[in-house]
Amino acid sequence: MSDYQSLLRELPAVDRLLREPLLADLQKRLPRRVVLQAAQETIDSYRRAITSYGDAEKIPGNIDLSPTTLAGEAAILAEKSAGSNLKTLINATGIIIHTNLGRAPLPETAVQALTGIAANYNNLEYSLESGGRGSRHDHLEELICELSGAEAAVVLNNNAAAVFLALNEIASNKEVIVSRGQLVEIGGSFRIPDIMAASGASLVEVGTTNKTYLRDYEAKVSENTAAFLKVHASNYHMVGFTAAVDTAELAGLAHRYGLPLIEDLGSGVLLDLEKYNLPPEPRVQDSVAAGADLVTFSGDKMLGGPQAGIIVGRGDLVKAIRTNQLARALRVDKFIIAALEATLRLYLDEDKAVQEIPVWRMLTDAADTLKRRANSLAEALSDIFGPEPVSVVKSVSRVGGGALPMAELPTYLAAVKLPENDIHPEKMVERLRHTNPPVILRLQQDTLLFDPRTIFEGQESALVEAVRKAYLGQR
Ligand SMILES: *Cc1c(COP(=O)(O)O)cnc(C)c1O
C-alpha cells in the first residue's frame, strides 16, 4: 500500500518520458513542442488524479505509473493534437445535405478544377481576350444564365449574403412586403426579419401564418414599397388549410406597381424532381420564367456544389448588386468559382449531372442497390459482433440542408443492437467520433444504424475497421 505522496514521487519526469522510445520516435515526425506538451499534460492529469484520491485508503494498489504506460497515453494525445481540426469523415446518417457535415460533397470534376486552380496562377481577373483586366464574375455568368434562362447572374459567398445584398441594393430605407407564412428561420442564424433589418429594409408583414392572398400584398403597397419578397419555406411544411400566392401571380401584381419581385428559393434545384420520383420543388428556371425579377439560391444544397449564393434575374438589378459597396465583402474566391463552374457544367447534360454530382447520385440511389449494400455492410459487421446483434432494416433517408423536409427516401440500414451487458451504444457513438476517419451515424432505440446512402462506395472497409476499433476501445 502506498500513500499518495510516494505515488507522486513515482511519477516520471517529463524528460524521462520523452526518452521513451515511442515518444523519441514521435519527435522525429511531429513538432517537438507538441510531444512535449502532450507528455506534460499526461503527467499533470495523473498528478491531479492521484491528488484527488487524497485519503490513502482509496488509492488503487495497482495504479500503473510506468514511463511506458504514460508515454503510450502521451503519444495518443500528441497524435490527436497534431492532426487537422477539419477532417474528412464518414457520414452514415443518411442525411444527404447535412449542414453540420459540410453540406454537398463535390463532384470529381469540381475537385480536379479546385486542385488545378489552387496550385497555379489563373485568369481570375484577367481577360485572355484583351490582355487587360477582367472580372471574376464573368467566369460563371453565361453558364448560369444558360441553365436558368435568366438575363444576368452574380455569385456571392452564400445565399444569406445573396438575400442580404439584394435587399440592401433594392430596398435600403424602404419597405419590403413579405407573407407572414414565409418569415422563416433557416439553420439558426438566418432569419428573414433579421436579415431584412440588417440590410436596411423595413419588413411589412402581410396575411396570416397559414393563409396569404394576393389582395393582402396589394393592400400594403405604398410609395415606400421597394419590392415584394417571396421566401421558400425550405425547412418546414404546412398542412391543413393554407394559401400562398404563386410566383407568377405575385410577379404580375409587383409589375403592375412597377415593383420587383425577389424570390429566395433556398435550395437551388435545376432538375425536375418528379422525374426521379421525388416530391416537387420549385426549380430556378421556373421562378425566372414565372417573372421573378431576382431569384436567389445556395450553391451547396440541392445544386450539389460549393458554398455560394447565386442571384439570377434582371440585368439592371444584377448590375446594381454587383457594384454595391458591400459586394466585395461578400464576393467569392477563385476556389469557389472553379468548383462551381465545374459543377454547373455537369448540368449541361442532365444524365451526367445525376450520375456525377454526389448529391444527385445519392438522391436517386435505387432501393435495390441500397439493400444490397446494407446487406454486405451487415455481413462485415457480423464479423465484429457475431450474427446475433446485426440485421438489415427498412427505413428512410432524408435530404437535409433545409430542403424537402417531408421527403422520405426509402432505404435499408445495417443495424447493430448490442446486448444489455455489452458496451453502451452511446459509448460506441462517442468512440466512433474519434476513430480515423470518424464515423457519424444514427442511434435509435439503442440501435446503431448505418445508412449506405451517404456512405460512399469505397468507404465501407474503412467504416468497418473504425467500428471494429471502436468496439475494442482502440483508436
Ligand atoms: C438555406 C437557405 C438560406 C441560407 O442559405 P445559405 O447558402 O446557407 O446562406 C436562405 N434562404 C432559404 C430559403 C434557405 O433555404
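It should be noted that the structure appears before, not after, this text.
Residues numbered from 1 in each chain as written. Predicted model: local features only at pLDDT ≥ 70, side-chain atom pairs only at ≥ 80, totals over all residues. Heavy atoms only, no water.

What about the overall build of the protein?
At step 1: Each helix and strand in the protein was counted, giving 19 helices and 15 strands.
At step 2: Within the span of the protein, comprising 475 residues, buried residues form 46% of the whole.
At step 3: In the protein, once contacts between residues fewer than 6 apart in sequence are set aside, the share between residues at least 24 apart is 74%.
At step 4: By element, 48% of the accessible surface of the protein is carried by carbon and sulfur atoms, the whole surface being about 23,500 Å².
At step 5: Measuring between centres, the 49 positive side-chain charges of the protein sit 4 Å from its 60 negative side-chain charges. (Helix = DSSP H or I, 4+ residues; strand = E, 2+ residues; numbered from the N terminus. Buried < 20%, exposed > 50% of the residue type's maximum accessible area, 1.4 Å probe, protein only. Contact = heavy atoms within 4.5 Å. Areas by Shrake-Rupley, 256 points an atom, 1.4 Å probe, with all protein chains shown as cover. Lys, Arg positive; Asp, Glu negative; His and termini not counted. Charge placed at Lys NZ, Arg CZ, Asp CG, Glu CD.)

Structural notes on the sheet that holds strand β12 (residues 409–416)
At step 1: Spatial strand order, β11-β12-β15-β14: 4 strands in an open sheet with antiparallel pairing. For this open sheet the edge positions go to β11 (390–397) and β14 (442–444), each flanked by a neighbour on one side alone. Neighbouring strand axes in the sheet, compared pairwise and without regard to direction, differ in orientation by 40° on average.
At step 2: Pairing analysis gives 3 bridges linking β14 to strand β15 (residues 447–450), with the strands arranged antiparallel. Paired with Leu443 across the two strands is Leu448, which belongs to β15. (Pairing = 2+ DSSP bridges. Axes fitted to C-alpha atoms, helices over the stretch in contact; angles between N-to-C directions.)

What about the site of the ligand?
At step 1: Residues in contact with the ligand amount to 13 residues; listed here are only the nearest, Ala160, Ser234, Asp264, Ser298 and Lys301.
At step 2: One of the side-chain nitrogen or oxygen atoms of Asn158 is found 3.5 Å away from an oxygen atom of the ligand.
At step 3: Within the side chain of Asp264, one N or O atom sits 2.6 Å away from a nitrogen atom of the ligand.
At step 4: Computed on the free molecule, the ligand has an accessible area of 380 Å², of which 94% lies beneath the protein chains in the complex.
At step 5: Within the residue set of the shell around the ligand, elements represented by two or more residues are α8 (159–171) and β8 (261–266).
At step 6: Counted by class, the shell around the ligand contains 4 nonpolar, 6 polar and 3 charged residues. (Near = heavy atom within 4 Å. Polar contact = N/O pair within 3.5 Å; in protein donor to acceptor, adjacent residues only side chain to side chain. Nonpolar A, V, L, I, M, F, W, Y, C, P; charged D, E, K, R; others polar.)

Looking at helix α18 (residues 425–432)
At step 1: Turning to α18, its buried residues are Pro425, Met428, Val429 and Leu432. End-on, the buried residues of α18 take up no more than an arc of 100°, which puts them together on one face.
At step 2: On its buried face, α18 sits against α17 (367–385), β13 (439–440), β14, β15 and α19 (460–472). (Arc of directions from axis to C-beta.)

Notes on the pairing of strand β7 (residues 225–231)
At step 1: Burial within β7 is extensive, with 7 of its 7 residues counted as buried.
At step 2: Bridge analysis of strand β3 (residues 175–179) against β7 gives 4 bridges, and the strand direction is parallel. Looking across to β7, one finds that Val178 is bridged to Leu229.
At step 3: Both β7 and β8 contribute to a ladder of 4 bridges, which runs parallel. Following the sheet pairing, Val231 is matched in β8 by Asp264.
At step 4: Note that the unit made of β7, helix α11 (residues 247–256) and β8 has a crossover that is right-handed. (Right-handed = clockwise from strand over helix to strand, strands pointing away.)

Re empty space enclosed by the protein
At step 1: Inspection of the entire model under this criterion finds 1 cavity of 30 Å³ or more.
At step 2: By volume, the largest cavity is sized at about 40 Å³.
At step 3: Lining the largest cavity, in full, are Arg136, His137, Leu140, Glu141, Ile144, Ala153, Val154, Val155, Val332 and Ile337.
At step 4: For the lining of the largest cavity, the secondary structure elements donating two or more residues are α7 (138–148) and β2 (152–156).
At step 5: Here the lining of the largest cavity is built from residues that sort into 7 nonpolar, 1 polar and 2 charged. (1 Å grid on protein atoms, 1.4 Å probe; cavity = no way out; pocket = protein on both sides within 12 Å on 5 of 7 lines; lining within 4 Å. Points joined across faces, edges and corners; volume = space filled by probe spheres on them.)

A look at the side chain of Ser267
At step 1: For Ser267, the location among the structural elements is in the loop between β8 and α12 (284–289).
At step 2: Since its relative accessible area comes to 1%, Ser267 is described here as buried.
At step 3: A distance of 3.3 Å separates a polar atom in the side chain of Ser267 from the backbone nitrogen of Met302.
At step 4: Setting aside residues no more than four positions away along its own chain, Ser267 makes contact with Glu281, Phe297, Ser298, Lys301, Met302, Leu303 and Ala403.

Looking at the layout of surface pockets
A probe as big as a water molecule, rolled over the atoms, marks out the empty space that is left.
At step 1: A volume near 770 Å³ is recorded for the largest pocket.
At step 2: Along its surface, the largest pocket is lined by 26 residues, and Thr88, Leu101, Gly102, Arg103 and Pro105 are the ones closest to its centre.
At step 3: For the lining of the largest pocket, the residue count by class is 13 nonpolar, 10 polar and 3 charged.
At step 4: Here the second largest pocket is characterised by a volume of approximately 670 Å³.
At step 5: Lining of the second largest pocket is provided by 34 residues; of these, His232, Ala233, Tyr236, His237 and Pro282 occupy positions nearest its centre.
At step 6: Looking at the lining of the second largest pocket, the elements that each hand over two or more residues are β7 and α12.

Describing the sheet that holds strand β6 (residues 202–206)
At step 1: Pairing in this open sheet of 7 strands is mixed, and the strands run β2-β10-β9-β8-β7-β3-β6 from one edge to the other. The strands lining the two open edges of the sheet, one partner per strand, are β2 and β6. Taken pair by pair, the neighbouring strands of this sheet meet at an average axis angle of 25°, ignoring direction.
At step 2: Pairing of β3 with β6, which is carried by 5 bridges, proceeds in the parallel orientation. Residue pairing in the sheet places Ile177 in a bridge with Val204 of β6.
At step 3: Contacting β2 and β10 (309–313), α7 crosses the sheet at an angle of about 120° to β2.

Remember that the coordinates give geometry; whether it matters functionally is a separate question.
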